[in-house]
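Commentary on secondary and tertiary structure
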Amino acid sequence: GLHSLSRRNRHSFSATWQTVDESRSKSESDADADADADETELQTPDPLSYLHGFDAVPQISILKDQITAACHLQGGDHMLDIGCGTGTHMPAYSQKVGSTGSVNGLDKSRDMIDYCRTNYGALPNTSFTVGDVYAPFLPYKSRSFDIIKEDRVLQHLERPLEALQEMHRVLRPGGRMVACNPDFRSFQINTLPPQYRGDARRPPPHLNCDLGALTQRVLNGVIPTLCAHSGLGLSLPTLMQRVGLDVELQIVAVPLIGRRDLETVVPISYMSRLSWKNGGISEQEMEMWLQRLEWEYDEAAGNPMMGVLNFYICRGIKPNDDDAGTTLSLPPIGTKLPNPSPPRSPKKPVSIRFVTPRDTPDFVNECLSLINTEYCHSDTGITLSSPRLRPTDIHHMVHQHQLMVALCKDTHELLGCVQVLIKDPTTTETTETNSKQGGLPNLTIDGKIGEFT
């Protein structure tokens, strides 16, 4: 039957990153004692160790190179790296911008900045700062940088739009902003049953389950709480357009082949425990899922576990103003998104009143024309057999004080009409009768049946 996995075994596939407790030099005997004392204790990855393992995965290295290519760094560029983390790419950035440029690393974690200063502080044109990306806390003047890069930071922020607005402030006109975030909702593991992939084995009875359905429940129980915005990647292009950037989008599906790479990038063993803690699955289901994965995939036999996660790389260009010079010609990275429609003009101050018999025939006919034009384009007008109002109908509305209009206060332009029928609370009409008559313009209605048309 199911056996309870020890804490050490639960993390056996995540050897590339330490847990917080392990990073504090706890001895193996202390860890075992803790496991005996509290088998359900949930450890979190040590950020520094996790990032080192993440950057070492071959497919992630390719993704990072694509982010660097999107930045299109040139000699003399001044670059800001938001959430610089371990600073892995600082030497490459420093070399590309040259002695006349600069690279500035910003991170909220002092541990990360201390690590970067220790390992990359000797680079001649590189500096590191502890700072917050929310406005107004970026410690830089407006229009300071030619390129701003952000990698997997915005997904952790409660207010990503505010962060992008502050990044936009310190970006010079014509400058580039490159941001990359995943959409964790896209993460999937290959769970094709053995019989459909040429595997004659069948799972033992205690592991016999619909692996695909159970995997989805595990992921559904953890992904919404994995970070502040687990689906931010998909929203990233719109957010960048919102702050005023011209945006290109490149979607990179990162394949993770083998259990080790999967656990390094998306630590699924750890995530299964989060899903259990969140109530997405039971502890028994968690144990079954982990053991079934161990049984299911045998890399030595040519059957490695495989997963995929989509990353969204967006490059936004800040439009030039009149005196800012020219924009650098950039090689495309993906799909150039159309600029959103210009904002609607401000709402006009209006006056609202009923049309009365004292209004001129021309004004009443204008109301008739407006109603018929809009009405025949509406769903109701398409489905009705008699979709247009007759002059007799409009005159009936006017005399019954059923036609309300909105007029621009400044120009007296006709902006809209609505037919208002007030229901008589003493009516004895049935709901069926009301529904048949309500909204049909060609009926002469003696009773008032309560309808907006």
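As a reminder, the structure under discussion sits directly above these lines.
Residues numbered from 1 in each chain as written. Predicted model: local features only at pLDDT ≥ 70, side-chain atom pairs only at ≥ 80, totals over all residues. Heavy atoms only, no water.

Here 12 bridges tie strand S6 (residues 246-257) to strand S7 (residues 306-317), and the two strands are oriented antiparallel to one another. Residue Leu256 lies in a different strand from S7, and its bridge partner there is Gly307. One ladder, built from 2 bridges, connects S6 with strand S8 (residues 335-336); its direction is antiparallel. Residue pairing for S8: Leu249 is matched across the bridge by Thr335. (Pairing = 2+ DSSP bridges. Helix = DSSP H or I, 4+ residues; strand = E, 2+ residues; numbered from the N terminus.)

Let us look at unusual backbone geometry. Unusually for a residue other than glycine, Arg152 sits at a positive phi of about 60 degrees. Mapped onto the fold, Arg152 is located in the loop between strand S4 (145-151) and helix H8 (160-170). The class for Arg152 is buried, based on a relative accessible area of 14%. The backbone of His412 shows a phi angle near 65 degrees, a positive value even though the residue is not glycine. Tracing the sequence through the fold places His412 in the loop between strand S10 (403-408) and strand S11 (414-421). Judged by relative accessible area, which is 59%, His412 ranks as exposed. (Buried < 20%, exposed > 50% of the residue type's maximum accessible area, 1.4 Å probe, protein only.)

Before going further, it helps to spend a moment on the sheet that holds strand S1 (residues 78-82). Taking strand neighbours across the sheet as the criterion, the 8 strands line up as S3-S2-S1-S4-S5-S7-S6-S8 in an open arrangement whose pairing is mixed. A single partner strand is all that each edge strand has here, and the edge strands are strand S3 (126-130) and S8. As defined by bridge partners, S1 adjoins S4 across 4 bridges and the pair is classed as parallel. Residue pairing across strands places Ile82 opposite Glu150, the latter belonging to S4.

Ranked by size, the top nonpolar core spans 59 residues in total, and within it Leu63, Trp289 and Ile313 carry the most contacts. Listed in part, the 30 residues of the second largest apolar core include Val133, Tyr140, Phe145 and Leu337. (Core = buried A, V, L, I, M, F, W, Y, C linked by side-chain atoms within 4.5 Å.)

Right, let's talk about the state of the cysteines for a bit. Summed over the entire model, instances satisfying the criterion amount to 0 disulfides. Distance from the sulfur of Cys116, which forms no disulfide, to the nearest cysteine sulfur (Cys84) is 4.2 Å. With relative accessibility at 0%, the residue Cys116 sits in the buried group. Left unpaired, Cys180 is separated from the closest cysteine sulfur, that of Cys314, by 8.6 Å. Among the residues examined, Cys180 registers a relative accessible area of 0% and is labelled buried. (Disulfide = S-S within 2.5 Å.)

Okay, helix H12 (residues 268-277) next. For H12, the tally of buried residues reaches 9 of 10 residues, placing the bulk of the element in the interior. Among all positions in H12, only Ile268, Ser269, Tyr270, Met271, Ser272, Arg273, Leu274, Ser275 and Trp276 are buried. One or two residues past the end of H12 sits Gly279, with phi positive at roughly 90 degrees.

As for its position among the elements, Glu285 is in helix H13 (residues 283-296). When the C-alpha atoms of Glu285 and Thr215 are compared, they prove to be 10.0 Å apart, with 70 residues separating the residues in sequence. In this structure Glu285 touches Leu214 and Arg217, once residues within four positions along its chain are discounted. (Contact = heavy atoms within 4.5 Å.)

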